[in-house]
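Next come the chains, spelled out residue by residue.
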Amino acid sequence: MTTTAPQPKGNFKPKRNGRWWQRKEPPRQENNAIIGERKSTPYLFSAPAILLVAGLLGFPVLWGVWQSFYRRPRLGAPPERVGIENYSDMFSSDAFWDSLNKTAVFVSGSLIVGMVLGLFFAFALFRVVGRLRFLRAVTIGPYIVSNVAAAVMFRILFNAQFGTMNQVIEWLPFVDSGPRWLADPFWAMVTVIFTQVWTDLPLVILLLLGGLMTIDNAHLDAALVDGASGWNRARHVTIPLLAPQILISVVWLSYSTLTGLGVVLALTGGGPLKATQTMAMEMYTVAFRNLEFNQGLAIATFVLVLNALLTLAYIRIGRRYDYDA
Amino acid sequence: MTDILPPDEIAADTIAEESLQASERDVPGLGLAVGSRAKRLLRSILIAIPLIALVVWTVTPFLVTLSISFKDKVEVFSDPSLIPANPSLNAYTDVLASDSFTTSFTNSVVVGVGTTVLTILLAVPAAYAFARFRFRGRHLLLLFTLLPRLTPSIGLMIPIYRIAIATNMLDKRITLIIVYTAMLLPLGVWLLVGFFQAIPRDIEEAANVDGASLWGRLRHIVVPLAAPAMITVGVLAFREAWNEFTLVLVLVNSPGNRTLPFELYKLQGVEGIADYPIEAAFTVLTIVPFILFYTFVEKHVVAGLISGSGK
């Protein structure tokens, strides 16, 4: 960011009514970078973007929160103010608590799988960074695939009859048949977690790799000379220095899984037997299948509040590590 | 944790390190050399295994899908091998000949190009204002970068759907373009601000003295210098429009306005028994155009992403 320009010293006070050679003004660096621009220029330049974002991201979300205190008595009837009734209904419904449980499993499972794989792959890539360029393209691969396409690919991969996963499992000794992945409540959740992690991992790897690349080699060299083994170096030097990126990845993965709907909807649609009915799915079901929009908004608001807490954590991490969050 | 060692110890360590390297270099002898070669081999194997795992993890879903797409509907079950015994392009010709693909492909291209153009048109001036001017509202930039995190699409789905109904904007491609642009603008502006700030002010001031107008400077100095960042933003915008699923699901009703992800989602439910080769071929055909487009500009995107995430 720009540093504050040195304060003008001496007789730099602007004299507005003097003759032109007397009109000394302080250096304009403080106000405008380029001398001679109109004051309105930055406003005109930034207004369209700011208005569009405020109108299509900020306003709808606030409107949705406000509407969660209303309800339509019948479909098509005008909404009436009902206070917190939508919320009390939500908290007393079993489906909501069930979806909260599923979300907790989904988020924590994705975090564990995602961070373990992310760190593993980031460390591996760091060793060859800049040398094998095709690996970078491979790493980015899942990032360019839509959630629906990822779901189709994983439904093929995890198909109980011809899926490659089960072929590999059945090839192993002592195993007769692999699980019926998407038909079994437990394994369906596992499949959803892996699909979600697969789509999210590229950004995690890039984030961690970026962090690794900023670590000063002097620290590692020092540890090496002190005789620290590879594992100890990672454990006591690299991981602590990587803490900001790890925390940011954790927060980002939580955000992505907590609010993610695409993968679950396209892969299982919440099934089997609501085994993968996360809160995002529950919101979608309540609003767009049962057409109880205001009730759906209560669920959405609940998720938004959880997510706002996550964002707060994100900002605090940024402050703590002097990180430009 | 930043200062692990006091400075004098670092100095001592560099000496120690130098002597260590020297001692390693100075040791001759065949036995040791073979030992170190074996060690090096082991080392490279240890490095290679995680990298192979990474490739397997990322590529397997693509390969399996590609394999299925060349098989016959029955063959999928009878021939489990990865390389099809008698590969056919039937699934591809079927998909390419279907209305559902051509229509949704056209829609995706229109929405993608529209989003890209609109995002760049709005992001460049805004980022320039944030990077070069001090003005009231400049601190909005921070809010700008945080807003997308506070407004995930799960929170937007219902309100945007209701608002689109109220304003008669439902089921229109232009709605999708505007919504996706709004979703990508914060990231785009943020990436561009960093880039614009890196352009030395002196160049622009020199041009200013030489009589270049604001537009002249933007056109001949800022935009050419920031081209990599603009390409990055463009690709990210295109990707968003090309892949976005949850909002198009609620904003579009009629089959004629669906984008590729929506059409692919519908494809799974329409037929009673899933036609896997068709689904696989459709999936491949949604990914390949983007890969072609992406490999073309890959360098810029990754560089932009890393510089963005490293901040």
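Residues numbered from 1 in each chain as written. Chains lettered and ligands numbered in written order. Predicted model: local features only at pLDDT ≥ 70, side-chain atom pairs only at ≥ 80, totals over all residues. Heavy atoms only, no water.

J.: Would you explain the packing of helix 12 (residues 279–289) of chain A against helix 13 (residues 293–320) of chain A in this entry?
T.: Any two packed helices are characterised by how steeply their axes cross, that is the angle between the axes, and by the distance between the axes. Residues and elements named next belong to chain A. Two elements in contact, helix 12 and helix 13, have axes separated by 7 Å at closest approach and are oriented at 160°. Between helix 12 and helix 13, the crossing angle belongs to the class labelled roughly antiparallel. Viewed along their axes, helix 12 and helix 13 form a crossing whose handedness is left-handed. Judged by residue contacts, Met-279, Glu-282, Met-283, Val-286, Ala-287 and Phe-288 of helix 12 engage Phe-293, Gln-295, Gly-296, Ile-299, Ala-300, Phe-302, Val-303 and Leu-306 from helix 13. (Axes fitted to C-alpha atoms, helices over the stretch in contact; angles between N-to-C directions. Helix = DSSP H or I, 4+ residues; strand = E, 2+ residues; numbered from the N terminus. Parallel < 35°, antiparallel > 145°, perpendicular 65-115°, else oblique. Left-handed = near helix turned anticlockwise from the far one by under 90°. Contact = heavy atoms within 4.5 Å.)

J.: Help me understand the side chain of Asn-86 of chain A in this model?
T.: Counting through the fold element by element, Asn-86 of chain A comes out in helix 2 (residues 85–91). If near-sequence neighbours (up to four positions away) are discounted, Asn-86 of chain A is found in contact with Ser-68, Phe-69, Tyr-70, Arg-71, Asn-294, Gln-295 and Ala-298 of chain A.

J.: Any chance you could explain the interface of chain A and chain B here in plain terms?
T.: Often, the extent of an interface is quoted as the loss of accessible area on bringing the components together. On the side of chain B, 101 residues touch chain A, which itself brings 106 residues to the contact. Each partner contributes to the roughly 9700 Å² buried at the junction of chain A and chain B, and carbon and sulfur atoms together form 75% of this total. Linking chain A with chain B are one salt bridge, by the criterion used here. For Arg-155 of chain A, the salt bridge identified is with Glu-279 of chain B, shortest N-O distance 3.7 Å. Linking chain A with chain B are eight residue pairs in polar contact (both at pLDDT 80 or more). Ranked by residue count, the leading element in the side of chain A that touches chain B is helix 1 (residues 41–67) of chain A, at 18 residues. In the side of chain A that touches chain B, the residues fall into 73 nonpolar, 22 polar and eleven charged. (Buried area = accessible area lost by both parts, 1.4 Å probe. Salt bridge = Lys/Arg side-chain N within 4 Å of Asp/Glu carboxyl O. Polar contact = N/O pair within 3.5 Å; in protein donor to acceptor, adjacent residues only side chain to side chain. Nonpolar A, V, L, I, M, F, W, Y, C, P; charged D, E, K, R; others polar.)

J.: Quick question: what am I supposed to make of empty space enclosed by the protein here?
T.: A water-sized probe rolled over the atoms picks out the places where empty space is left. Under the criterion given, the structure shown has three cavities of 30 Å³ or more. The volume enclosed by the second largest cavity comes to roughly 60 Å³. Surrounding the second largest cavity, Ile-144, Val-145 and Ser-146 of chain A together with Trp-242, Asn-243, Leu-260, Pro-261, Leu-264, Thr-286, Ile-287 and Phe-290 of chain B form its lining. Where the lining of the second largest cavity is concerned, the elements lending two or more residues are helix 11 (227–243), helix 13 (260–270) and helix 14 (276–309) of chain B. (1 Å grid on protein atoms, 1.4 Å probe; cavity = no way out; pocket = protein on both sides within 12 Å on 5 of 7 lines; lining within 4 Å. Points joined across faces, edges and corners; volume = space filled by probe spheres on them.)

J.: Even after reading the chapter, I still don't get the side chain of Arg-132 of chain B, so can you show me in this structure?
T.: By the secondary structure assignment, Arg-132 of chain B is in helix 5 (residues 99–132). A distance of 2.8 Å separates polar atoms of two side chains, one belonging to Arg-132 of chain B and the other to Glu-204 of chain B.

J.: So what exactly am I meant to see when it comes to the environment of Gln-167 of chain A here?
T.: Here Gln-167 of chain A lies in helix 6 (residues 164–171). Spatially, the C-alpha atom of Gln-167 of chain A lies 8.7 Å from that of Ser-177 of chain A, the residues being ten residues apart in sequence. Residue contacts for Gln-167 of chain A: discarding those within four places in its chain leaves Phe-162 of chain A together with Pro-80 of chain B.

What is shown is where atoms sit, not what they do.
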